[in-house]
Amino acid sequence: LSPRLVPILASASRIVEDTLYIHLQPGLSLTGSSQPKSTYVPATREVYNVINKLYADADAHGHLDVRVLLTNIRNQSLAPQSLSSVQNLSHPPEVVLTDFQTSDGGQYNPVKQQLERYATSCYSCWPNLISVLLYPDYEPGTGEGEQPLQKPDWDGMSLHSYGDIVVGGTFDRLHNAHKILLSTCCMLAENRLLLGISDKNLLENKLLKELIQPYEKRVEKLCEFLVDIKPSLRYDTVPLLDPYGPSITDPDLKCIVVSEETRKGGVAVNKKRLENGLPELALHEIPLVKDLRHSENEEEKISSSSLRHRLLGTLLQPPQKDLDLPSCPYVIGLTGGTGSGKSSIARHLEHLGAYLVDVDRLGHEAYAPGGPAYEQVVEAFGADLLNEDGTINRKVLGAKVFGNQEQLKSLTDIVWPVIAQMVKKQINEAVVQGKAVCVLDAAVLLEAGWSDMVHEVWTAIIPETEALSRIMARDGLSEEAARSRLQSQLTNSQRVEQSHVVLCTLWEPEVTHRQVEKAWALLQQRIPPD
Ligand SMILES: CC(=O)SCCNC(=O)CCNC(=O)[C@H](O)C(C)(C)COP(=O)(O)OP(=O)(O)OC[C@H]1O[C@@H](n2cnc3c(N)ncnc32)[C@H](O)[C@@H]1OP(=O)(O)O
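What counts as what
- Residues numbered from 1 in each chain as written.
- Predicted model: local features only at pLDDT ≥ 70, side-chain atom pairs only at ≥ 80, totals over all residues.
- Heavy atoms only, no water.
- Core = buried A, V, L, I, M, F, W, Y, C linked by side-chain atoms within 4.5 Å.
- Buried < 20%, exposed > 50% of the residue type's maximum accessible area, 1.4 Å probe, protein only.
- Helix = DSSP H or I, 4+ residues; strand = E, 2+ residues; numbered from the N terminus.
- Domains from an automatic or database assignment.
- Disulfide = S-S within 2.5 Å.
- Pairing = 2+ DSSP bridges.
- Axes fitted to C-alpha atoms, helices over the stretch in contact; angles between N-to-C directions.
- Contact = heavy atoms within 4.5 Å.

Undergrad: Explanation requested: the nonpolar core in the structure shown.
TA: Note on soluble globular proteins: their nonpolar side chains tend to be buried together. Residues L24, M187, L195, L226 and V257 are the most contacted members of the largest nonpolar core, which totals 51 residues. In terms of residue count, the dominant contributor to this core is helix α4 (residues 176-188) (eight residues). Three or more residues apiece are contributed to this core by two domains, here domain 1 (2-133) and domain 2 (160-288 + 300-304). If you look at the next biggest cluster of nonpolar residues, it comprises 37 residues, including V378, L408, L411 and L446.

Undergrad: Which parts of the structure should I look at to understand the state of the cysteines?
TA: A disulfide bridge is the covalent bond that connects two cysteines by way of their sulfur atoms. All chains considered together, the criterion is met by zero disulfides. Free of any disulfide, C185 has its nearest neighbouring cysteine sulfur in C186, separated by 6.7 Å. A residue is classified by how much of its surface remains accessible, and C185, at 0% relative accessible area, is buried. Between C223, a cysteine without a disulfide, and C186, which holds the nearest cysteine sulfur, the sulfur-to-sulfur distance is 11 Å.

Undergrad: Where do I start with the sheet that holds strand β15 (residues 456-461) in this structure?
TA: In a beta sheet, neighbouring strands are held together by backbone hydrogen bonds and run either parallel or antiparallel to one another. Pairing in this open sheet of five strands is parallel, and the strands run β13-β14-β12-β15-β16 from one edge to the other. Edge strands, defined here as strands with exactly one partner in the open sheet, are β13 (355-358) and β16 (501-504). Sheet twist, expressed as the mean angle between neighbouring strand axes with direction ignored, is 20°. In this sheet, β15 lies alongside strand β12 (residues 330-336) in parallel orientation, the contact comprising five bridges. In the strand pairing of β15, G336 is matched with A460. Sheet contacts for helix α8 (residues 342-352): β12, β13, β14 (437-441), β15 and β16; angle to β12, the most-contacted strand, approximately 155°. Relative to β13, helix α9 (residues 359-366) is tilted by about 45°, and along the sheet it contacts β13 and β14.

Written as structure tokens, this is what we have:
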């Protein structure tokens, strides 16, 4: 079977848009006269390896949500149980796929009807479940009987089993390596799987932490997957606020499942358990799964951070249709904290064809001598702001307002309405120039409540420590001054929550350029035709 998995998955991926459930039943005969029944399959190393390979191979088809069902995979040490009940799946199957072809190669064959009856005897499917014939492209020489995937010394060895098992992780955007880890836990556990799910402080140092799914969402996806693949187990989920959680205090636990990377964590858990007078846990380690699609800036293993990286530049949530806003030009509000690199993104968007409005500069123009807000600002903040030539010294003004919310509000109450008028004029200018897209490069777009002036909000993010060192170097600020400037703004996470597209300038300029180009290309597909 193993050499046939790649072509089978490739051919299934052309038909399946979302969930592909896989039911393993070696030796199933669909050609006899009696209706076949689901029987238990022993959880041997060989079965375990096929499951791992299925998930690893499925990774080539990013859109496929593969779930290998373990309901009929039984650990040999357990007493036989009846497999007569029909299992409810979270996505009831609409189609059952087979590569079993009749001699004339036609779509009609009696095996397909047997298969439909077999599928509905195992799982609750859509009322009109149909079977569809796959035509996998088996390359010559990769058929059955070819070299086995497993080392011979694994054949026939069954897995150990344990009553209660513990596993920990962030489980952000459940991917195929998570599924291998979780399936291993399910195959090892007889009774309960305790899942510690990283939250709050434990996420602080994660790459692109702002794009990590909320805790509740991660738990929901995790439980849906687990209940689908093995409904008979008890699943307990707890938020993990330190690296140990309940693994060092729960006396019922017998085994911890780790990956090559988290082995040290497993060893540390056992040390703590001994200190707490509890027996050590058996350590079951799974290998890391290589990500065949990883780019040069991504990790080699399948990882959630790579998935988050791939989200940069894509549409994260659909923009709301605002009938009050003319559809042309399509206005993007580009924002980002100080030092986030949003202005370099803005320039690249201009280079790609957008009409660029530098709102920060308009802000400066608003209180230039003779500008619409000059008198009011001088009146509110005093003449000690003024340079000898009568211009407002922005360094002095900045020192007054950053770190003092009240003063900052007095300034913005004066200048924001004025700047908004200037922005509207600039958008009209974009229309005159026949531009389809207008980008407002505006530092505090969201703080100013300007979301309704734009069709989409795009945000540039950068970790706070990087923003600090950038603005200290660029603007010659002390760390304290830089920090107080950052603290007068929204956090990255608050911005991301309200954004349609997120970009990150943490890496080399070419990486940012690629993100911007991807975002621009995707934008062209969704802006309404002129
Ligand atoms: C809705 C908008 O986005 S309007 C554009 C932003 N402008 C404003 O809000 C007007 C009020 N701000 C100002 O007048 C000036 O920023 C001053 C006087 C406070 C400081 O001037 P300068 O020292 O020359 O700094 P500059 O204007 O370049 O702003 C420096 C940083 O402060 C931040 N900043 C600007 N205005 C604000 C504000 N109202 N609240 C919080 N942070 C702000 C920006 O993020 C900017 O960072 P960036 O250059 O990395 O994007």
